[in-house]
Amino acid sequence: MSRYLLFPFLLLGLLPGLLPGLLLALLLHPMPAAAEDAFTVNHGVAQGAGGAPLALSLVLPAGRNQPAAGWPALLLIQGSGPTDRDGNQPPYLRTDLLRQIAEYLASQGIATLRYDKRGMHANNATLPDNPAEFDSFFRWENFVGDAASAFRFLAEHPGIDGKRSGILGHSEGGVIALAASSLLRATGAEPAVLVLAATPGRPLEAVVTEQLERVLAEQKATPAQTRAVMAANKRVSAAILAEGKVPADTPRSLAALYPSYAGPFLQALLPLDPTRLAREYRGPVLLLQGEADNQVSPSRDLDAMAKALAARPKPEQHTALRFAGLSHNFKRPANTEDPGLAGPLPADLLGALHDWLRQRLGTD
């Protein structure tokens, strides 16, 4: 399987309840400022679901007066797989997607918080020693609880205006953002806005099937090979949905998609309909989609999400923006062989994001 086609969205490698206690510590260590001292970065640790520590970066605007009520802010949630807080999967995949968003927004007067997933990167020391515990540690509910805790950490932090704080989720992170918003709503702390960037509008099971079909076609698999892989995928998926366990006889060709410990995670996520969660959210939503995205469909996913949001009592609260030539990571590929990972985010994308946030959050 192609690492670049499947790895950023599907569940390869380590996968990243009620809200737990929030704050463990916030250690302030300002990093060197970027051009014109636009921001400062503070590193800290928050407590996620079940007490799992989440190493984080809080990026604050600099060089301008802080509003009396505090800075407007966004929690940034990365996509699937072992993706770090910057949007990278070192050493193989580097996009700096979330880092670039954070630095740009800070230059526009918007703070951000981003964190490493449980048990990964700076949190690696807290990964359970016993692999038998992975299935409970990496449950879908824990990732949603982590995001909800991180949002509460941000909204309650000194210098942040909790009433003007929202969530931006990329790819699978958008689904987590929707689920976390539902959890937060029950506590009266629903985010003020949501930005869903390259977020699927169909259950993961349908997206996985489509991705497999496309990759097999690109690899020029024979009809017999394609039928065999797709039949095996259907069988494995059905077993996970029924039993919450990855079958021991999962073919090697699918093993990277279905880690042995991911049964409970996938049992919850495979059938989850993101549009149901979108209809339940009550605030403004911005949908961002690159038209050259080969992992989340600009038509089937974006259109499904837009249709669901239009069915809410206030359909005017959502905006859907498409960007010609942008990849799943919102980069413009240099050529047909370029997967669209590296390079800066385009100015038109960043400008559109800031304009929308300025209107909804009242930023400068």
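All of the points below concern the structure found in this document. The model shown is predicted, which means the values in this text are computed figures rather than measured ones.

## Overview of the pattern of salt bridges
- Overall, the coordinates contain 20 salt bridges when judged by the stated rule.
- Here arginine 114 ties to aspartate 86 by a salt bridge, and the two come within 2.8 Å at their closest N and O atoms. Taken together, the residues span a long stretch of sequence, with arginine 114 in strand S5 (residues 111-115) and aspartate 86 in the loop between strand S4 (71-77) and helix H2 (97-107) at a distance of 28 residues.
- On the basis of relative accessible area, arginine 114 is assigned to the buried category, the value being 6%.
- The class of aspartate 86 is buried, set by a relative accessible area of 18%.
- Across the salt bridge formed by arginine 185 and glutamate 190, the nearest N and O atoms sit 2.7 Å from each other. The residues arginine 185 and glutamate 190 share a single accessibility class, namely buried.
- One salt-bridge network, in which partners are shared between bridges, spans Arg94, Asp96, Arg99 and Glu103.

## Examining the packing of helix H6 (residues 204-218) against helix H7 (residues 223-243)
- Where H6 meets H7, the axes come as close as 11 Å, and the angle between the chain directions of the two elements is 160°. Considered as vectors, H6 and H7 are oriented roughly antiparallel to each other. The two elements H6 and H7 meet at a crossing, and its hand is right-handed. Contacts between H6 and H7 involve Glu205, Val208, Thr209, Leu212, Glu213 and Leu216 from the first element and Thr226, Val229, Met230, Asn233, Ser237 and Leu241 from the second.
- Looking at the contact of H6 with H7, its residues break down into six nonpolar, four polar and two charged.

## Overview of the side chain of serine 57
- Topologically, serine 57 is positioned in strand S3 (residues 53-61).
- Side chain to side chain, serine 57 and arginine 85 meet in a polar contact 2.9 Å long.
- Beyond its immediate sequence surroundings of up to four residues, serine 57 is in contact with Val41, Asn42, His43, Arg85, Thr112, Leu113 and Arg114.

## Here we look at the packing of aromatic side chains
- Counted by the stated rule, this structure contains seven aromatic pairs.
- Look at phenylalanine 138 and phenylalanine 143: their rings are 6.2 Å apart centre to centre, the planes differ by 15°, and that puts the pair in the stacked class.
- Note on phenylalanine 143: relative accessible area 4%, which makes it buried.
- Through successive ring pairs, a cluster of aromatic residues spans Phe134, Phe137, Phe138, Trp140, Phe143, Tyr261 and Phe265.
- Stacked on the ring of phenylalanine 137, the Lys or Arg arginine 118 has its end atom at 4.7 Å from the ring centre.

About the thresholds
- Residues numbered from 1 in each chain as written.
- Predicted model: local features only at pLDDT ≥ 70, side-chain atom pairs only at ≥ 80, totals over all residues.
- Heavy atoms only, no water.
- Salt bridge = Lys/Arg side-chain N within 4 Å of Asp/Glu carboxyl O.
- Helix = DSSP H or I, 4+ residues; strand = E, 2+ residues; numbered from the N terminus.
- Buried < 20%, exposed > 50% of the residue type's maximum accessible area, 1.4 Å probe, protein only.
- Axes fitted to C-alpha atoms, helices over the stretch in contact; angles between N-to-C directions.
- Parallel < 35°, antiparallel > 145°, perpendicular 65-115°, else oblique.
- Left-handed = near helix turned anticlockwise from the far one by under 90°.
- Contact = heavy atoms within 4.5 Å.
- Nonpolar A, V, L, I, M, F, W, Y, C, P; charged D, E, K, R; others polar.
- Polar contact = N/O pair within 3.5 Å; in protein donor to acceptor, adjacent residues only side chain to side chain.
- Phe/Tyr/Trp six-rings, centres within 6.5 Å; stacked < 30°, edge-to-face > 60°.
- Lys NZ or Arg CZ within 6 Å of the ring centre and 35° of its normal.

Read these as layout, nothing more, since geometry by itself doesn't imply function.
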